[in-house]
Amino acid sequence: MKRQLPAKPAPASASPARLRPGFPAKLSVPAQTEPARKAGTGPMLRYAPSAIEPPARHAPVPAVRAAGVGMDSQAVREAMVRKLQAQGVTHPAVLAAMRAVERHRFVDSALANQAYEDTSLPIGLGQTISKPNVVARMMELLCQGRTEKLGRVLEIGTGCGYQAAVLSHLSREVYSIERLRGLHDKARENLRSLRISNLHLLLGDGMLGFAQGAPYAAIIAAAGGHDIPAAWIDQLAVGGRLVAPAIVEAGRQNLVVIDKTATGCVRSVLEPVLFVPLKSGIA
Ligand code: SAH
């Protein structure tokens, strides 16, 4: 199901000739010095950004005999990736990212032995981490037809930080917003030892997006509302893609893809899904 949405003027820095912009994307706020940004003293302060530092990028993760997993986690992830392939996931970079990120690090130790099963798991405060095949499906939709990395990406719903970590392998830069302080802190804790320098965690209402980082090559939401917030469409670059759950008709939540083109937005409604609700405000 596809329908044309009204055209929005292209952001000044987006070039229609170059679909899916690369990084660096131009910031729409006054320039901020790196130390100021890290210290949270610049215009981003409203969102309490917390970059994961220092900048060692994707340090190799040794195969571990993880507590609670009870076996070599690399081997279990390999099995999970084979299952994803059997379910139809083909994008090499997506499979590599799913192979690389240790999902068991993001759930409570009591649930670690289920971390590589095809199941969603509770992460606290009534929220859940999506099933691996849902994460992989959404990543594939974002990366469809591309071999190079995505540019700047916005994620709404950091949760425990797992999907943000996967995204960081597929993108040049990731901004991930969470509205629940408890989960924002938990994600920061889960991600600290991974030292992912291109991932920035923000505490804020993701329904407003994060205008300071726009335009985004991709926007992904892990929570679904009644519609796609207008701010997300505004902040998506021309050539960019948005993937989010949304209620498209009475009570039915589906995965929605929006491709922003120079002449308007093309919206595709895909399979039914079950995500936690998108809520406004910070708690
Ligand atoms: N991708 C996450 C999944 C988290 S579940 C992971 O890998 O763990 C979805 C998350 O969206 C929840 O943590 C919920 O608090 C958050 N959320 C819901 N509405 C939001 C909003 N308006 N802004 C930011 N986060 C929101």
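Note: the structure precedes this text.
Now for the packing of helix 2 (residues 73–86) against helix 3 (residues 92–100). At their nearest, the axes of helix 2 and helix 3 sit 8 Å apart, and the two run at 150° to each other. When the axes of helix 2 and helix 3 are compared, the pair comes out roughly antiparallel. As helix 2 runs across helix 3, the sense of the crossing is right-handed. Between helix 2, through Gln74, Arg77, Glu78, Met80, Val81, Leu84 and Gln85, and helix 3, the contact on the second element is made entirely by Leu95, Met98, Arg99 and Ala100. Each residue belonging to the contact of helix 2 with helix 3 can be placed in one class, and the counts come to 6 nonpolar, 2 polar and 3 charged.

A few words now on the site of the ligand. Of all residues adjacent to the ligand, which total 28 residues, the nearest are Cys160, Glu178, Asp205, Gly206 and Lys279. Separating a nitrogen atom of the ligand from a backbone N or O atom of Lys279 is a distance of 2.5 Å. Isolated, the ligand exposes 580 Å² of accessible area, and the fraction of that covered by the protein chains is 99%. Of all the elements in the fold, those that place two or more residues in the shell around the ligand are strand 4 (127–129), strand 5 (150–156), helix 5 (162–170), strand 6 (171–178) and strand 13 (276–277). A per-element tally of the shell around the ligand places strand 4 first, with 3 residues.

Attention shifts here to the side chain of Ser130. Inspection of the secondary structure puts Ser130 in the loop between strand 4 and helix 4 (132–143). When sequence neighbours within four positions are dropped, the list of residues in contact with Ser130 reads Arg103, Thr119, Ser120, Val135 and Phe275.

Before going further, it helps to examine the nonpolar core. Formed by 50 residues in total, the largest nonpolar core has its most connected members in Val94, Met98, Phe106, Met139, Tyr162, Val166 and Leu191. Beyond its immediate stretch of four places on either side in the chain, Val166 contacts Ala97, Met98, Val101 and Met139. One finds Leu154, Phe210, Ile228 and Trp232 within the second-largest nonpolar core, a separate group that totals 25 residues.

The interhelical angle for the contact between helix 4 and helix 5, taken along N-to-C directions, is 30°, at an axis separation of 11 Å. The orientation of helix 4 with respect to helix 5, classified from their angle, is roughly parallel. Once helix 4 is placed against helix 5, the crossing between them reads as right-handed. Counting all contacts with helix 4, which are made through Val135, Met139, Leu142 and Cys143, the residues of helix 5 involved are Tyr162, Gln163, Val166, Leu167 and Leu170. Classifying every residue of the contact of helix 4 with helix 5 gives 8 nonpolar, 1 polar and no charged.

What counts, and at which threshold
- Residues numbered from 1 in each chain as written.
- Predicted model: local features only at pLDDT ≥ 70, side-chain atom pairs only at ≥ 80, totals over all residues.
- Heavy atoms only, no water.
- Axes fitted to C-alpha atoms, helices over the stretch in contact; angles between N-to-C directions.
- Helix = DSSP H or I, 4+ residues; strand = E, 2+ residues; numbered from the N terminus.
- Parallel < 35°, antiparallel > 145°, perpendicular 65-115°, else oblique.
- Left-handed = near helix turned anticlockwise from the far one by under 90°.
- Contact = heavy atoms within 4.5 Å.
- Nonpolar A, V, L, I, M, F, W, Y, C, P; charged D, E, K, R; others polar.
- Near = heavy atom within 4 Å.
- Polar contact = N/O pair within 3.5 Å; in protein donor to acceptor, adjacent residues only side chain to side chain.
- Areas by Shrake-Rupley, 256 points an atom, 1.4 Å probe, with all protein chains shown as cover.
- Core = buried A, V, L, I, M, F, W, Y, C linked by side-chain atoms within 4.5 Å.
- Buried < 20%, exposed > 50% of the residue type's maximum accessible area, 1.4 Å probe, protein only.

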